[in-house]
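Structural features, examined
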Amino acid sequence: MKPLTEQEIRTAFVNCTKGEAKRLAVPRDLAERAWDDLDFLGWRDPQAPDRAYVVTELDGRPVGVQLRTSGAASWQQRRSMCSVCLTTHTGGVSLMVAPRSGKAGQQGNSVGVYMCSDLACSLYVRGKKDTGVGARLQESLTLEEKIRRTVTNLATFIARVGA
């Protein structure tokens, strides 16, 4: 992923108002991010732990969605799988819910995806972050194919947000 500026990030959001995008907490460490290892930029709002954001590149331009997640529940102590990168975690997968864009979102419609709670899917796929034994299923896919699958899964979710 190419490095993004704060302004590019703020203008990328498709499911929030310009005012909400202007007020959201953008990470302050953008210059230090390992952009070459990222398929998308994902972060949690430090002031509101139930709020998360994802920005990726689709058709050559940044596209972002705001997400909500519930607090940790007892069922989250089971092993669960991220729908984006297919990494399994014990207590590290959350249901992320995004309001739909446009009129559907204004009517309260939303879509959800089970995703790594720390939004580090790119690092799990590349083996730069590990959740322990059994976190990654044994696969015959190449790293490039796994990355492409992760990007496709996220793009599919974002398309559902914008549909």
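The sections below set out a description of the structure shown in this document.

Before going further, it helps to spend a moment on the overall build of the protein. A tally of helices and strands in the protein yields five helices and seven strands. Reading the protein from its N terminus to its C terminus gives the helix and strand order α-α-β-β-β-β-β-β-α-β-α-α. The C-alpha atoms of the protein give a radius of gyration of 15 Å, which matches the 15 Å a tight globule of 163 residues would have. Dimensions of the protein, computed from the C-alpha atoms along their principal axes, are close to 45 × 35 × 30 Å. Counting the 163 residues in the protein, one finds 44% classified as buried. Put simply, of all contacts in the protein between residues at least 6 apart along the chain, 56% involve residues at least 24 apart.

Here the largest pocket defines a volume of roughly 160 Å³. Where the lining of the largest pocket is concerned, the elements lending two or more residues are β1 (40-45) and α4 (121-125).

With respect to topology, five strands assemble into an open sheet ordered β1-β2-β3-β6-β7, the strand pairing being antiparallel. Two strands in the sheet have a free side with no partner beyond their single neighbour: β1 and β7 (110-116). Pairs of neighbouring strands in the sheet enclose a mean axial angle of 30 degrees, with direction left out of account. As paired elements, strand β2 (residues 48-58) and strand β3 (residues 61-69) share eight bridges and run antiparallel to each other. By the bridge assignment for β3, Thr56 is matched with Val63. With respect to the sheet, helix α5 (residues 143-162) is in contact with β1, β2, β3, β6 (93-99) and β7, its orientation differing from that of β7 by roughly 160 degrees.

Here Asp45 is to be found in strand β1. Accessibility expressed as a relative area gives 7% for Asp45, which makes it buried.

Taken as a whole and judged by the stated rule, the model has 10 salt bridges. Ionic pairing is found between Arg28 and Glu6, a salt bridge with its closest N-O pair at 3.3 Å. Of this pair, Arg28 sits in the loop between α2 (18-23) and β1 while Glu6 sits in helix α1 (residues 6-11), placing them 22 residues apart in sequence. Here Glu6 falls in the partly exposed class, since its relative accessible area comes to 31%. Residues Arg68 and Asp50 are paired through a salt bridge, measuring 3.4 Å at the closest nitrogen-oxygen approach.

Moving on, we come to the environment of Cys16. In this structure, Cys16 sits in the loop between α1 and α2. The exposure class assigned to Cys16 is buried, which follows from its relative accessible area of 16%. Spatially, the C-alpha atom of Cys16 lies 31 Å from that of Thr90, the residues being 74 residues apart in sequence. Residues in contact with Cys16, not counting those within four places in the same chain, are Ala21 and Gln66.

Note on placement: Gln47 falls in the loop between β1 and β2. Remark: the alpha-carbon pair of Gln47 and Leu24, spanning 23 residues in sequence, is separated by 9.9 Å.

What counts, and at which threshold
- Residues numbered from 1 in each chain as written.
- Predicted model: local features only at pLDDT ≥ 70, side-chain atom pairs only at ≥ 80, totals over all residues.
- Heavy atoms only, no water.
- Helix = DSSP H or I, 4+ residues; strand = E, 2+ residues; numbered from the N terminus.
- Rg over C-alpha atoms; globule rule 2.2 N^0.38 Å.
- Buried < 20%, exposed > 50% of the residue type's maximum accessible area, 1.4 Å probe, protein only.
- Contact = heavy atoms within 4.5 Å.
- 1 Å grid on protein atoms, 1.4 Å probe; cavity = no way out; pocket = protein on both sides within 12 Å on 5 of 7 lines; lining within 4 Å.
- Points joined across faces, edges and corners; volume = space filled by probe spheres on them.
- Pairing = 2+ DSSP bridges.
- Axes fitted to C-alpha atoms, helices over the stretch in contact; angles between N-to-C directions.
- Salt bridge = Lys/Arg side-chain N within 4 Å of Asp/Glu carboxyl O.

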